[in-house]
Amino acid sequence: MKIALLGDGGWGTALAILLANKGYQVFLWGAFKDYVDFLNKERENVKFLPSVRIPKEIVISADLKEVITNAALITLAVPSHVMRSVVRRLKGYDFSRSIILSVAKGIENKTLARMSKVISEEI
């Protein structure tokens, strides 16, 4: 089963490693190509999860389409203050065969909306 994890911070990286170690096909998305390139080369998230190796089986990409295409589970592990802008990028994709799961904590600063409301408004 393919799992897409959006967000290459500490939480997203930790979840990706956990799921890959359970045998799932994991794709980790990061918004910043330069840092994604660094993660692919070093296989360690030194900014957010230092000293923890990222298994080579995890595909790390800045290409959102590559990461979410055919994913059975799309996990949103981005900070709450960028959730709306990230979810807007998902518009137009077919999610009929995917479950979308938010693991983000917090609320949207301006609207005080929960992440579930932000996601449902944007998709």
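Residues numbered from 1 in each chain as written. Predicted model: local features only at pLDDT ≥ 70, side-chain atom pairs only at ≥ 80, totals over all residues. Heavy atoms only, no water.

## Structural notes on helix H5 (residues 115-122)
Spacing of three or four residues puts side chains on the same side of an α-helix, whose turn is 3.6 residues.
Here comes step 1: All of the buried residues along H5 are Met115, Val118, Ile119 and Glu122. Axial view of H5: buried residues confined to an arc of 95 degrees, hence all on one face.
Here comes step 2: Looking at the buried residues of H5, the elements they touch are strand E6 (73-76), helix H4 (83-88) and strand E7 (99-102). (Buried < 20%, exposed > 50% of the residue type's maximum accessible area, 1.4 Å probe, protein only. Helix = DSSP H or I, 4+ residues; strand = E, 2+ residues; numbered from the N terminus. Arc of directions from axis to C-beta. Contact = heavy atoms within 4.5 Å.)

## Digging into the pattern of salt bridges
Pairing between side chains becomes possible if they bear opposite charge and their charged atoms approach one another.
Here comes step 1: Taken as a whole and judged by the stated rule, the model has 9 salt bridges.
Here comes step 2: With a closest N to O distance of 3.1 Å, Asp37 and Lys33 form a salt bridge. With a gap of 4 residues between them, Asp37 and Lys33 both fall in helix H2 (residues 33-42), about one helical turn apart.
Here comes step 3: Among the residues examined, Asp37 registers a relative accessible area of 37% and is labelled partly exposed.
Here comes step 4: Between Arg84 and Glu121 there is a salt bridge; the shortest N-O distance is 2.9 Å. Linking Arg84 in helix H4 with Glu121 in helix H5, this pair joins segments that are 37 residues apart in sequence.
Here comes step 5: Note on Arg84: relative accessible area 14%, which makes it buried.
Here comes step 6: Judged by its relative accessible area of 42%, Glu121 is partly exposed.
Here comes step 7: Within the structure, one salt-bridge network assembled from shared partners comprises Arg84, Arg88, Lys91, Glu108, Lys117, Glu121 and Glu122. (Salt bridge = Lys/Arg side-chain N within 4 Å of Asp/Glu carboxyl O.)

## Examining the layout of surface pockets
Here comes step 1: Here the largest pocket defines a volume of roughly 460 Å³.
Here comes step 2: Of all the elements in the fold, those that place two or more residues in the lining of the largest pocket are helix H1 (10-21) and H4.
Here comes step 3: If you tally residues by element for the lining of the largest pocket, the top one is H1, at 3 residues.
Here comes step 4: In this structure, the second largest pocket encloses a volume near 210 Å³.
Here comes step 5: For the lining of the second largest pocket, the class distribution of residues is 5 nonpolar, 4 polar and 2 charged. (1 Å grid on protein atoms, 1.4 Å probe; cavity = no way out; pocket = protein on both sides within 12 Å on 5 of 7 lines; lining within 4 Å. Points joined across faces, edges and corners; volume = space filled by probe spheres on them. Nonpolar A, V, L, I, M, F, W, Y, C, P; charged D, E, K, R; others polar.)

## Comments concerning unusual backbone geometry
Here comes step 1: Its identity is not glycine, yet Arg43 carries a phi of approximately 55 degrees, on the positive side.
Here comes step 2: Its location among the elements puts Arg43 in the loop between H2 and strand E3 (44-45).
Here comes step 3: Phi at Ser51 is positive, roughly 70 degrees, even though this residue is not glycine.
Here comes step 4: Summarising the element assignment, Ser51 is placed in strand E4 (residues 49-53).

## Thoughts on the packing of aromatic side chains
Here comes step 1: Applying the stated criterion across every chain, the model contains 1 aromatic pair.
Here comes step 2: Relative to Phe38, the ring of Tyr35 has its centre 5.6 Å away and its plane inclined at 20 degrees; by these criteria the two rings are stacked. Highlighted residues: Tyr35 and Phe38, both in helix H2, separated by 3 residues, approximately one helical turn.
Here comes step 3: Judged by relative accessible area, Tyr35 falls into the buried class, the value being 12%.
Here comes step 4: Directly above the aromatic system of Phe27 lies the positively charged group of Lys2, at a separation of 4.0 Å from the ring centroid.
Here comes step 5: Taking NZ or CZ as reference, Lys47 lies 4.4 Å from the ring centre of Tyr35, over its face. (Phe/Tyr/Trp six-rings, centres within 6.5 Å; stacked < 30°, edge-to-face > 60°. Lys NZ or Arg CZ within 6 Å of the ring centre and 35° of its normal.)

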